[in-house]
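Analysis of the macromolecular model
Here's the letter readout for the chains.
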Amino acid sequence: MAERQRGGGGGGGGGGLEAGALPPDVREGLAELELELSEGDITQKGYEKKRAKLLARYIPPIQGVDPSLQADSRVPGSSQTPAASSKQQKARSANARDERFRSDVHTEAVQAALAKYKERKMPMPSKRRSVLAHSSVETYTPPDTSSASEDEGSLRRQGRLTSTPFQSHSNVEPWLHRVIQGSSTSSSASSTSSHAGGKPAAASNTAPAAAAATVLADLMAHAQLDNHPAPPDVTTGLVELPSRERPQVASVRGVPRGYSSSMLETADGVPVNSRVSSKIQQLLNTLKRPKRPPLKEFFVDDFEELLEVHQPDPNQPKPEGSQMTVLQGEPLGVVSNWPPSLLAALQHWGTTQPKAPCLTALDTTGKAIYTLTYGKLWSRSEKLAYTLLNKLASKSEPLLKPGDRVALVFPNSDPVMFMVAFYGCLLAELIPVPIEVPLTRKDAGSQQIGFLLGSCGVTLALTTDACQKGLPKAPTGEVATFKGWPRLVWFVIDGKHLAKPAKDWHPPVRDASAETAYIEYKTSKEGSTVGITISHASMLAQCHALTQACSYSEAETLTNVLDFKRDAGLWHGVLTSVMNRMHVVSIPYALMKVNPLSWIQKVCSYKARVALVKSRDMHWSLLAQRDQRDVSLSSLRMLIVADGANPWSVSSCDAFLNVFQSRGLRPEVICPCASSSEALTVAIRRPPDSGGPPPGKTVLSMNGLSYGVIRVDTEEKLSVLTVQDVGQVMPGASVCVVKVEGTPYLCRTDEVGEVCVHSGATGAAYYGLVGITRNVFETVPVTAGGVPISDQPFTRTGLLGFIGPDQLVFVVGKLDGLMAVGLRRHSADDVVATALAVEPMKFVYRGRIAVFSVTVLHDDRIVLVAEQRPDASEEDSFQWMSRVLQAIDSIHQVGVYCLALVPANTLPKAPLGGIHISETKQRFLEGTLHPCNVLMCPHTCVTNLPKPRQKQPEVGPASMIVGNLVAGKRIAQASGRDVTQLEDNDQARKFLYLADVLQWRAQTTPDHPLFLLLNAKGTITSAATCVQLHKRAERIAAALGERGRLNVGDHVALVYPPGKKCEPVLRAHVYGGCRRETTDRINTVLLQALQRPGSLCPGREHHIRMQSECSHLLTGHRRPRPHHGIRRHAGLAP
């Protein structure tokens, strides 16, 4: 046996070793054994025997020691860190970044945070190379043990060797283990996992491996594994680590291929070198347990109380201010000539100012293609209302009645026809439901829109001829039925399809009432779509409040870049503009994609006084402003930023002002506003010349905001958020801030909560959803003592904010983007801004990042999905993801559960080009996201793992139920309510039989239709009311008794097709007391039974004369025209 050398300081224990390397066939054999063991193809004992046989020639046996212990026992040494190889980043072409989340201060903070990580020598993930694919075993030398340490965080053994002379060789075995494992990684060269390791020492080509193997054998013979600590947390880097410990991020691409070299134990306690992580090995050990636990384990309560409970931080900030008071807006002014309703205003302007321009539509080149005047709007809306009420009727009854819901399906490039359809429905007293145009059958959120249409009872959809031609078609040429949508009748409202109203017909123009005017859809955080009902009175009050707040006047020109079908685009560009006889220039989204400066050009050419934009549009203009020099914004008196509630819009506002201030834009013109679908416009900034206070801006601590507390900070700090005010409360409204969860207590003055509004200009309810309507639209805020602050209910807006100085409203986020991780709340927009600020900033394709949360162990976990550039390499991807993890951890102090990168243009899109967040989340949960790079870090954020199972002091009620069920005992049964208790009226108990019920219905509700017969196209052809069915049944019962000479209890065969004529015959047999045998197609057996009386039952048999339309059933011929509608079960009744 070779002489054993003690490892010196610089030699690393390899100075006197003399041996050759392991042959390639031995290494391949070891790799195959490792693979078979990890996949469960061989047992542990078989693995030990085969491995010992392979290494028998290279590890001489030691007398008195078990060979399996020599071959398999491993002593983990100090962690080894191979030099991370990083590629030179490729030069990328300039691409647009989402400037809505851009902030120079925030970008500098992120870069400073990453610099701190670099000072801590935090490595970037590097692509692991195969050992045998690039170099041979001779290139590997034992690591330097001079600086080896056993500090916290190193993968060390806590046991002690029984023979001290061999302790100095503790670093030799991991080096040899890397050599042996090298062959097993040849198939995973494309893996991007990174593992811990140490620097190789100075090359010593004379280091023999056989001596190292001999030393290894001696060490294994005397090693005892007492305990193996968990791997260190390698993604946070919050604790200063020694220089030789290189924490790594375990990254995954598709399927994890990496392995850990730490000691693990199988279920029976045998140490084994696993190719998987310790958590996966723990899962495998759990699966090896018996599938059916003992019966007594079913009597243990195993619910949320077994999870670790988050303990509040004693140093967390707490609100210290006094309780806030309700903020009252300015009163609504009294206008003498204010119209009683919006339709009255349209009628007034349409008849007195018919040639005044109302709306100008542009094409994709920026050319005005049509200008709708107020006279044309009134006449076309009147024609449409007349056509809908009088010309869409079937033979029996009209298709539409006042109060019915109608879908409006118009593209974003056709505001003229949408405006005509909207006001035409209002004149016809129909309720319009504007929706997006379904481009394909698999549009994001299309199924939820169909559910909304079905719940609203929509049967008619209005559209244009051009839009209908672009809809997906069925093989028959008709518009296809989309998944989840009800069957719709599509009606084109182009001029040639409308009828001229009769001379004596005039549309009803009533005063504003509490009846529903229109329904606006909204998609919630979970992806469900709800309809918010807006009444005529709320619509009028909203127009009045906006007119007063924005100081709108007649004949003003407004440039609208927003979607005119919903939100602020509808309120300003379709409703309030008509109320004030304004001229609206609508900029389509397709034009903005081609020419981002188009809205500025139209402001300049039309001398527009007001412009309605989003921060996205301002950013696009900044990118293209170099190409346009001769523009002036001096005519603008208000630049309304519709998404001013997004705190990251302040950067776009500041950058836009810096560039265009030299072109006539005044600072006081920029007016951000806050709005929600439930409360409509909540607040808007007024220019100082209109009496408003100066704009406000503040810098808040993100750490304080995560606890719901307002703490003013300085921009020198890393974790800060700069917010601007969204103006004052709307006229005639009252605003307060309540706690987000639980009872709506009023917040303190330095506390963040949900903004609630009481006003006449808010939504009324969620259509058909009474439960959540009470929670949102009927909230009654209370003081700390539980006293209601008002008798009037408030409406929750879904906006998170507070009331600042000068009674200005500040918004820091939205409830839909809130992620409650542990005891802290984080905003998805803040996390997106941090990810976009990471260098290289242009790595993300067009700034498309989606951030949402998923529930794991009853707590939210953050998921970040981004589209990477097409030319991004795998090395660039994982370096960027590692930087994002470090930046989010430093700025927000929260871990990311999953970070996924997908190819460009693969995330589901919203109607106006943004990312459909709920659809992206659904795909992530279903496993259909198909990412190209994934980085999972559950160990950094899942901190409430289940507690170890403890002996329960007593058996709980849930345990009793589960245990008895498993034991096979029947402990309870369910029964329905007594039928007689359904009605409190004693008279209802008398009608126990079907015949009595029909007679009672014929007297109480004679005109109620019981049955409807539909044809193949779904149109109603005939109907049967209660009294009609009763009279026909009486006549047929009398005929059966007189002509058929039937007695009570006789059997009668009914041969009828499914239709209206079958039902009276069924009721007639009930009146006559006969038993019926029903069938809708006579087969050979039934014909034989009918031809042989007495074969069906012992009693008398009578064959009722068939009606003429049923003769085809007896002859075996099929009816050429199928019937659809009433269907009953076919077959012989017992």
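Heads up: the structure comes first, above all this text.
Residues numbered from 1 in each chain as written. Predicted model: local features only at pLDDT ≥ 70, side-chain atom pairs only at ≥ 80, totals over all residues. Heavy atoms only, no water.

1. Quick notes on the overall build of the protein
Scanning the protein for helices and strands turns up 31 helices and 36 strands. Counting every position in the protein, which comprises 1134 residues, the buried fraction comes to 50%. Residue pairs in contact within the protein that sit at least 24 positions apart in sequence constitute 77% of those at least 6 positions apart. By element, 52% of the accessible surface of the protein is carried by carbon and sulfur atoms, the whole surface being about 54,400 Å². (Helix = DSSP H or I, 4+ residues; strand = E, 2+ residues; numbered from the N terminus. Buried < 20%, exposed > 50% of the residue type's maximum accessible area, 1.4 Å probe, protein only. Contact = heavy atoms within 4.5 Å. Areas by Shrake-Rupley, 256 points an atom, 1.4 Å probe, with all protein chains shown as cover.)

2. Description of the state of the cysteines
Scanning all chains against the criterion turns up zero disulfides. Cys941 carries a free sulfur, and the closest cysteine sulfur to it, the one in Cys937, is 7.7 Å from it. Using a relative accessible area of 7% as the deciding quantity, one classes Cys941 as buried. (Disulfide = S-S within 2.5 Å.)

3. Side note on the side chain of Ser676
Note on placement: Ser676 falls in strand E16 (residues 670-676). Here Ser676 falls in the buried class, since its relative accessible area comes to 7%. One polar contact links the side chain of Ser676 to the main-chain carbonyl oxygen of Thr797, over a distance of 3.4 Å. Excluding its chain neighbours within four sequence positions, the residues that come into contact with Ser676 are Trp571, Val682 and Thr797. (Polar contact = N/O pair within 3.5 Å; in protein donor to acceptor, adjacent residues only side chain to side chain.)

4. Considering the pairing of strand E10 (residues 516-523)
Side chains on a regular strand alternate between the two faces of the sheet. The element E10 is extensively covered by neighbouring structure, given that six of its eight residues are classed as buried. Note that E10 and strand E11 (residues 529-535) share seven bridges and pair antiparallel. Looking across to E11, one finds that Glu520 is bridged to Ile532. Between E10 and the antiparallel strand that follows it, E11, lie five residues; Gly527 among them carries a positive phi value of about 100°. (Pairing = 2+ DSSP bridges.)

5. Here we look at the pairing of strand E7 (residues 431-435)
Among the five residues that make up E7, five are buried, leaving the element largely enclosed by the rest of the structure. Burial along E7 is two-sided: the face carrying Ile431, Val433 and Ile435 and the face carrying Pro432 and Pro434 are both buried. Both strand E6 (residues 405-409) and E7 contribute to a ladder of five bridges, which runs parallel. When the bridges of E7 are listed, Ala407 appears paired with Val433. The parallel pair E6 and E7 is bridged by helix H11 (residues 415-427), and the resulting crossover is right-handed. (Right-handed = clockwise from strand over helix to strand, strands pointing away.)

6. Thoughts on helix H21 (residues 770-777)
Looking only at H21, the buried set comprises Thr773, Val776 and Phe777. Buried residues along H21 cover an arc of 80° about the axis, so they all sit on one side. Those residues of H21 that are buried are in contact with E11, strand E23 (765-766) and strand E24 (795-803). (Arc of directions from axis to C-beta.)

7. Here we look at unusual backbone geometry
Phi at Asp567 takes a positive value of approximately 55°, unusual for a residue other than glycine. Here Asp567 lies in helix H15 (residues 567-579). On the accessibility criterion, Asp567 (24% relative accessible area) is partly exposed. The phi angle at Leu680 is positive, at roughly 60°, despite the residue not being glycine. The residue Leu680 is located in strand E17 (residues 680-684) in this model. Under the relative-accessibility criterion, Leu680 is labelled buried at 2%.

8. Re the sheet that holds strand E12 (residues 557-560)
On the basis of which strands lie adjacent, the open sheet formed by nine strands has the order E5-E4-E13-E12-E14-E15-E16-E17-E20 and mixed pairing. Unpaired on one side and paired on the other, strand E5 (368-373) and strand E20 (728-729) mark the two borders of the sheet. Strand direction decides the pairing type here: E12 and strand E14 (residues 610-613), joined by three bridges, are parallel. Across the sheet, Leu558 pairs through a bridge with Val610, a residue of E14. Taken strand by strand, H11 contacts strand E4 (357-362), E5 and strand E13 (583-586), and its axis lies near 140° from that of E4. (Axes fitted to C-alpha atoms, helices over the stretch in contact; angles between N-to-C directions.)

9. Details of empty space enclosed by the protein
One pass over the structure, following the stated rule, counts ten cavities of 30 Å³ or more. In this structure, the largest cavity spans a volume of roughly 220 Å³. The wall of the largest cavity is formed by 18 residues, among which Leu705, Arg825, His826, Ser827 and Asp830 lie closest to the centre. It is strand E27 (residues 824-827) that provides the largest number of residues to the lining of the largest cavity, a total of four residues. Here the lining of the largest cavity is built from residues that sort into eight nonpolar, six polar and four charged. (1 Å grid on protein atoms, 1.4 Å probe; cavity = no way out; pocket = protein on both sides within 12 Å on 5 of 7 lines; lining within 4 Å. Points joined across faces, edges and corners; volume = space filled by probe spheres on them. Nonpolar A, V, L, I, M, F, W, Y, C, P; charged D, E, K, R; others polar.)

10. Section: the nonpolar core
Counting residues in hydrophobic clusters, the biggest one holds 103 residues, and the most contacted among them are Leu388, Tyr423, Leu462 and Leu575. In this view, Leu462 contacts Leu384, Leu388, Val406, Ala407, Leu408, Val409, Phe410, Ala421, Cys425, Phe491 and Ile493; residues no more than four positions away in its chain are not counted. Listed in part, the 51 residues of the second largest apolar core include Leu800, Met819, Phe878 and Ile888. (Core = buried A, V, L, I, M, F, W, Y, C linked by side-chain atoms within 4.5 Å.)

11. What about the environment of Asn595?
When you line up the elements, Asn595 lands in the loop between helix H16 (589-594) and helix H17 (598-606). Given a relative accessible area of 24%, Asn595 falls into the partly exposed group. Note: C-alpha distance between Asn595 and Thr364 (231 residues apart in sequence) is 8.8 Å.

12. So, the sheet that holds E7
Sheet strands line up and pair through hydrogen bonds in the backbone, either parallel or antiparallel. Read from one edge of the open sheet, four strands run E7-E6-E8-E9, paired in parallel fashion. Lying at the two open borders of the sheet, with one neighbouring strand each, are E7 and strand E9 (489-492). On average, each strand axis in the sheet is inclined to that of its neighbour by 30°, with strand direction left out of account. As paired elements, strand E8 (residues 460-463) and E9 share four bridges and run parallel to each other. Across the sheet, Leu462 pairs through a bridge with Phe491, a residue of E9.

13. Overview of the pattern of salt bridges
Evaluated as defined, the whole model comprises 22 salt bridges. A salt bridge links Asp617 to Arg616; the shortest N-O distance between them is 3.1 Å. Taking relative accessible area as the criterion, Arg616 reaches 14% and is therefore assigned buried. The closest approach of N and O atoms between Glu751 and Lys739, which form a salt bridge, is 2.7 Å. With Glu751 in the loop between strand E21 (734-738) and strand E22 (753-758) and Lys739 in the loop between E21 and E22, this residue pair connects regions lying twelve residues apart in the sequence. (Salt bridge = Lys/Arg side-chain N within 4 Å of Asp/Glu carboxyl O.)

14. With respect to the packing of helix H9 (residues 342-352) against H11
Close contact between H9 and H11 brings their axes to 11 Å; oriented N to C, the two are set at 115°. On the basis of their axis angle, the class for H9 and H11 is roughly perpendicular. As H9 runs across H11, the sense of the crossing is left-handed. Of the residues in H11, those in contact with Leu342, Leu343 and Leu346 of H9 are Tyr423, Leu426 and Leu427. By residue class, the composition of the contact of H9 with H11 is six nonpolar, no polar and no charged. (Parallel < 35°, antiparallel > 145°, perpendicular 65-115°, else oblique. Left-handed = near helix turned anticlockwise from the far one by under 90°.)

15. Some points on helix H10 (residues 374-390)
Between the first and last C-alpha of H10 there are 24 Å, a value that for 17 residues agrees with the 24 Å anticipated at 1.5 Å per step. Residues of H10 that are buried include every one of Tyr374, Gly375, Leu377, Trp378, Ser381, Glu382, Leu384, Ala385, Tyr386, Thr387 and Leu388, and no others. (Expected span 1.5 Å × (residues − 1).)

16. Structural notes on the packing of aromatic side chains
Per the stated rule, a full pass over the model turns up 14 aromatic pairs. Look at Phe422 and Tyr423: their rings are 5.7 Å apart centre to centre, the planes differ by 80°, and that puts the pair in the edge-to-face class. The same class applies to Phe422 and to Tyr423, which are both buried. Considering the side-chain rings of Phe843 and Trp880, the 5.0 Å spacing of their centres and the 25° angle between planes classify their relative orientation as stacked. Within this pair, whereas Phe843 is found in the loop between helix H22 (828-836) and strand E28 (844-855), its partner Trp880 is found in helix H23 (residues 874-892), the two being separated by 37 residues in sequence. The buried category is assigned to Phe843, whose relative accessible area is 0%. When the ring centre of Tyr521 is taken as origin, the NZ or CZ atom of Arg566, which lies over that ring, is 4.5 Å away. (Phe/Tyr/Trp six-rings, centres within 6.5 Å; stacked < 30°, edge-to-face > 60°. Lys NZ or Arg CZ within 6 Å of the ring centre and 35° of its normal.)

17. A few points about the packing of H22 against H23
Where H22 contacts H23, the two axes come as close as 9 Å, and the packing angle between them is 130°. With respect to each other, H22 and H23 are oriented oblique. Taken as a pair, H22 and H23 cross one another with a handedness that is right-handed. Contacts between H22 and H23 involve Asp830, Val831, Thr834 and Ala835 from the former and Trp880, Val884, Ala887, Ile888, Ile891 and His892 from the latter.

18. What about a nonpolar patch on the surface?
A contiguous nonpolar surface patch, about 360 Å² in accessible area, is contributed by Ile280, Leu283, Leu284 and Leu287. Note on placement: Leu284 falls in helix H8 (residues 278-287). (Patch = residues over 30% accessible without salt bridge, like charges linked within 9 Å, V, L, I, M, F, W, Y side chains within 5 Å.)

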